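# Descriptive analysis of the structure
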Amino acid sequence: MLVLDIDSVISTDTLRELQRFLGSASAVVPRWTTINRNDSLLARGQWLGYLFFFRVFKALDNLVNWVPILGSGSLVSVGAVRRVGYWPEDVLEDVELGVKFFTGNLRVKYSDNARCR
């Protein structure tokens, strides 16, 4: 299952990159990027946050083979979602799902080469 927010944009190259992890992980998370970083101070802050955020993701992936958030652009195994009790219905659903995958010993990978704008 490909998870997308309504304002997300991904390319076919990103889909191919995510699919490389099928079979070796229960989910794969792409790098989020902004296309409007100069539109406002808030957009600039989000862009800076993403720069830091995905350095942490990459380090966690390398250290413990786990990424904490299964957000937009993530490719997720439907079977794994069923195993953890389906998609949470709360404000931080992407974080909660990531924690459920971690506590359920389900591998989540991060791909720095897959980009979700």
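A short tour of the structure in this document, coming up.

Here the focus is the overall build of the protein. From N to C terminus, the protein includes 4 helices and 3 strands. When the helices and strands of the protein are placed in sequence order, the string is α-β-α-β-α-α-β. In terms of overall size, the protein behaves like a compact globule, its C-alpha atoms giving a radius of gyration of 14 Å where 117 residues would be expected to give roughly 13 Å. By the burial criterion, 40% of the 117 residues in the protein qualify as buried. Long-range contacts, defined as pairs at least 24 residues apart, comprise 72% of the intrachain contacts of the protein with a sequence gap of at least 6.

Quick look at the sheet that holds strand β3 (residues 108–116) now. Spatially, the 3 strands line up as an open sheet ordered β2-β1-β3, and their pairing is mixed. Each end of this open sheet is capped by a strand with a single partner; those strands are β2 (75–76) and β3. Relative to β3, strand β1 (residues 27–32) is paired through 6 bridges, and the arrangement is parallel. Bridging from a neighbouring strand, W32 pairs with C116 of β3. Taken strand by strand, helix α1 (residues 12–19) contacts β1, β2 and β3, and its axis lies near 165° from that of β3.

Here we come to the nonpolar core. If you look at the biggest cluster of nonpolar residues, it comprises 21 residues, and the most contacted ones within it are F57, L70, F101 and V108. At the level of elements, β1, α2 (41–64), α3 (78–83), α4 (93–103) and β3 are the ones that each hand at least two residues to this core. Core analysis: the second largest hydrophobic core is formed by 5 residues, L18, F21, V28 and A114 among them.

A word on the pattern of salt bridges. In this structure the tally under the stated criterion is 6 salt bridges. Between E17 and R20 there is a salt bridge, with the nearest N and O atoms lying 3.0 Å from each other. In this structure E17 comes out as buried when scored by relative accessible area, which is 12%. The partner of E96 in a salt bridge is K100, and the shortest N-O contact between them spans 3.9 Å. Of the two residues, E96 and K100 both sit in helix α4, 4 residues apart, roughly one turn of that helix.

The next subject is the pairing of β1. Look at any regular strand and the pattern is simple: side chains alternate between the two faces of the sheet. By the criterion of burial, β1 is predominantly enclosed, with 6 of the 6 residues buried. Bridge count between β1 and β2: 2 bridges; the pairing is antiparallel. Bridge assignment links V28 to a residue of β2, and that residue is L75.

Rules and cut-offs
- Residues numbered from 1 in each chain as written.
- Predicted model: local features only at pLDDT ≥ 70, side-chain atom pairs only at ≥ 80, totals over all residues.
- Heavy atoms only, no water.
- Helix = DSSP H or I, 4+ residues; strand = E, 2+ residues; numbered from the N terminus.
- Rg over C-alpha atoms; globule rule 2.2 N^0.38 Å.
- Buried < 20%, exposed > 50% of the residue type's maximum accessible area, 1.4 Å probe, protein only.
- Contact = heavy atoms within 4.5 Å.
- Pairing = 2+ DSSP bridges.
- Axes fitted to C-alpha atoms, helices over the stretch in contact; angles between N-to-C directions.
- Core = buried A, V, L, I, M, F, W, Y, C linked by side-chain atoms within 4.5 Å.
- Salt bridge = Lys/Arg side-chain N within 4 Å of Asp/Glu carboxyl O.

By themselves, these are just geometric observations and shouldn't be taken as functional.
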